[in-house]
Amino acid sequence: MAKVVLGIGTSHSPLLTIAGGDWHARAEADRRNGSLTLADGRMLSYDQLVQERGEPYTAVATSEKFSELAQVSQAELDKLGEAIAEAQPDVVVIVGDDQDELYSPGNMPALAIFWGQKVIMHAMPDDLPPWMKSMAKGYAMDARHEFAGHPELALDIIKGMMDRGADLAICKDVPDTNEAGFGHAFGFPVQRLFGGKKIPIIPVMLNTYFPPNVLSANRCFDIGVMLREAIEASKLDLRVAIIASGGLSHFVVEEELDRSVVEGLKDPTGAALRALPREALLQGSSEILNWVVTAGAVAHLPLRSATYTPVRRTPAGTGIGLAFATWKK
């Protein structure tokens, strides 16, 4: 029987692919963003955010602080990579969200699983500024990268989850690699955490960004439980790791929300995670749902580590809550 031996949670922010000295580029993007989402569901421009909350983070939105936080974050990623190397999984299931990379917002399944032979990444354009070229490389989106899938286990997962009441879309190939492919939610963990090892992956694609067919947090935890049950019902003799890719809150750092999520990871019943309100999980913050699915899938494993770093890129507090977690025996 297949066995889930490791759970990993990791943010996949562009900040994790570029030097701290380049973080200011994301700060400038925040200032131009007219739809900064708050935990209560409202969307504000940067100027409106300043009017409402002021600019209390001037002292931490500095190049020196960015460089310090970049070092801390890379050290956390190193630990996640070490956990994967130690667990020696035969397959890694990555729970991520598609952001108009493979699917389009006009045709976006609530939940889809890939069961093909080759996971082909979507390449970004060549004419990018230097910091974005670094980001594209860190996301495995600088060229037409291919990673091995695992059709046998993926098919067992599909059948097992359908039998348990999950209605799935499925994907077996990328019809036109010039137009579409897999995105950063899947490329980042492979590039940064696998240590160069060629471990087959199974992408689980959750629609978090594009209403109206976004699953509730409660349903996401149940989906995670079904995912684990389907894996462990497989007759294949495999060690399986599951990775949550994305989050936490962005592009306004909602620290109270983030800390409630990190605290909720400790509870195998998922009570707090199930209760997360929809209005708190919009746009970038919606990627928290990837963590909820994973928490359900690895609820049989104890949470061994969970770290959280609020990164305020601007004085008004825009940025991201970076989080990293490990579940294992």
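Everything numeric in this text was worked out from a predicted model, so none of it was measured.

J.: Describe in detail the pattern of salt bridges, supporting the description with residues and values.
T.: Overall, the coordinates contain 16 salt bridges when judged by the stated rule. Among the ionic pairs, Arg192 bridges to Asp78, the shortest N-O distance being 2.8 Å. A residue pair is termed long-range when its members are at least 10 positions apart, and Arg192 in helix H6 (residues 184-193) and Asp78 in helix H3 (residues 63-87) qualify at 114 residues. Note on Arg192: relative accessible area 23%, which makes it partly exposed. Since its relative accessible area comes to 38%, Asp78 is described here as partly exposed.

J.: Run through the packing of helix H5 (residues 151-163) against helix H7 (residues 217-233), naming residues and quoting values.
T.: Across the interface, H5 lies against H7 with an axial gap of 8 Å and an inter-helix angle of 125°. Here H5 is positioned oblique relative to H7, judged by the angle of their axes. Judged by the sense of rotation from one axis to the other, the crossing of H5 with H7 is right-handed. Contacts between H5 and H7 involve Asp156, Ile157, Gly160 and Met161 from the former and Ile223, Met226, Leu227, Ala230 and Ile231 from the latter. Of the residues in the contact of H5 with H7, the class split is 7 nonpolar, 1 polar and 1 charged.

J.: Go over the nonpolar core, please, and point to the residues and values.
T.: With 55 residues, the main nonpolar core has Phe182, Phe194 and Met205 as its most contacted residues. A per-element tally of this core places H3 first, with 8 residues. Residues in contact with Met205, not counting those within four places in the same chain, are Gly96, Leu102, Tyr103, Ala110, Leu111, Ala112, Ile113, Phe114, Cys171, Phe182 and Phe186. Counting 54 residues, the second largest nonpolar core, distinct from the first, contains Ala244, Leu273, Ala280 and Trp327.

J.: Please set out the environment of Thr177 residue by residue, giving values where relevant.
T.: Note on placement: Thr177 falls in the loop between strand E8 (169-171) and H6. Spatially, the C-alpha atoms of Thr177 and Leu102 are 9.3 Å apart, while their sequence positions differ by 75 residues.

J.: Explain the pairing of strand E1 (residues 3-10) residue by residue, including any values.
T.: The buried count for E1 comes to 7 of 8 residues, which makes it a mostly enclosed element. Relative to strand E10 (residues 239-245), E1 runs parallel, the two being bridged by 7 bridges. When the sheet's bridge partners are listed, Val4 is paired in E10 with Val240.

J.: Can you tell me about the side chain of Glu254, naming the residues and giving the values?
T.: Here Glu254 lies in the loop between E10 and helix H8 (255-264). Exposure remark for Glu254: the relative accessible area of 10% places this residue in the buried category. Among residues more than four places away in sequence, those in contact with Glu254 are Leu38, Ala39, Arg53 and Ser249.

J.: Quick one: what's the story with the packing of aromatic side chains, residue by residue and with numbers?
T.: Within the structure shown, the criterion is met by 5 aromatic pairs. With centroids separated by 5.1 Å and ring planes inclined at 80°, the aromatic side chains of Phe114 and Phe182 adopt a geometry described as edge-to-face. Of the two residues, Phe114 is situated in strand E5 (residues 111-114) and Phe182 in the loop between E8 and H6; the sequence distance between them amounts to 68 residues. Using a relative accessible area of 1% as the deciding quantity, one classes Phe114 as buried. Centre to centre, the rings of Phe182 and Phe186 are 5.9 Å apart; their planes meet at 90°, and the pair counts as edge-to-face. According to the relative accessible area criterion, Phe182 is buried, its value standing at 0%. On the basis of relative accessibility, which here comes to 1%, the residue Phe186 falls in the buried class. Connected via pairs of aromatic rings, a cluster forms that spans Phe114, Phe182 and Phe186.

J.: Requested: an account of the pairing of E5, with residues and values cited.
T.: Residues in a regular strand project their side chains so that they alternate between the two faces of the sheet. Residues of E5 alternate between two faces, with Leu111 and Ile113 on one and Ala112 and Phe114 on the opposite face, all of them buried. Taken together, the 3 bridges between E5 and strand E9 (residues 201-206) define a ladder with antiparallel strand orientation. Bridging across to E9, Ile113 finds its partner in Val204. By the bridge criterion, 3 bridges tie E5 to E8 in an arrangement that is parallel. Within the sheet, the bridge partner assigned to Phe114 lies in E8 and is Cys171.

J.: Could you give me a rundown of the sheet that holds E5, with the residues and numbers involved?
T.: The strand order across the open sheet formed by 8 strands is E8-E5-E9-E4-E10-E1-E12-E11, and the pairing between neighbours is mixed. Across the chains shown, the open sheet's two edge strands, defined by having one partner strand only, are E8 and strand E11 (303-312). Averaged over all neighbouring strand pairs, the angle between strand axes comes to 20°, with direction disregarded. Here H3 sits on the sheet in contact with E1, E10, E11 and strand E12 (319-327), set at roughly 175° to E1. Its contacts with the sheet put H7 on E1, strand E4 (91-97), E5, E9 and E10, and the angle it makes with E1 is roughly 145°.

Procedures and definitions
- Residues numbered from 1 in each chain as written.
- Predicted model: local features only at pLDDT ≥ 70, side-chain atom pairs only at ≥ 80, totals over all residues.
- Heavy atoms only, no water.
- Salt bridge = Lys/Arg side-chain N within 4 Å of Asp/Glu carboxyl O.
- Helix = DSSP H or I, 4+ residues; strand = E, 2+ residues; numbered from the N terminus.
- Buried < 20%, exposed > 50% of the residue type's maximum accessible area, 1.4 Å probe, protein only.
- Axes fitted to C-alpha atoms, helices over the stretch in contact; angles between N-to-C directions.
- Parallel < 35°, antiparallel > 145°, perpendicular 65-115°, else oblique.
- Left-handed = near helix turned anticlockwise from the far one by under 90°.
- Contact = heavy atoms within 4.5 Å.
- Nonpolar A, V, L, I, M, F, W, Y, C, P; charged D, E, K, R; others polar.
- Core = buried A, V, L, I, M, F, W, Y, C linked by side-chain atoms within 4.5 Å.
- Pairing = 2+ DSSP bridges.
- Phe/Tyr/Trp six-rings, centres within 6.5 Å; stacked < 30°, edge-to-face > 60°.

All quantities given are derived from atomic positions and should not be read as evidence of function.
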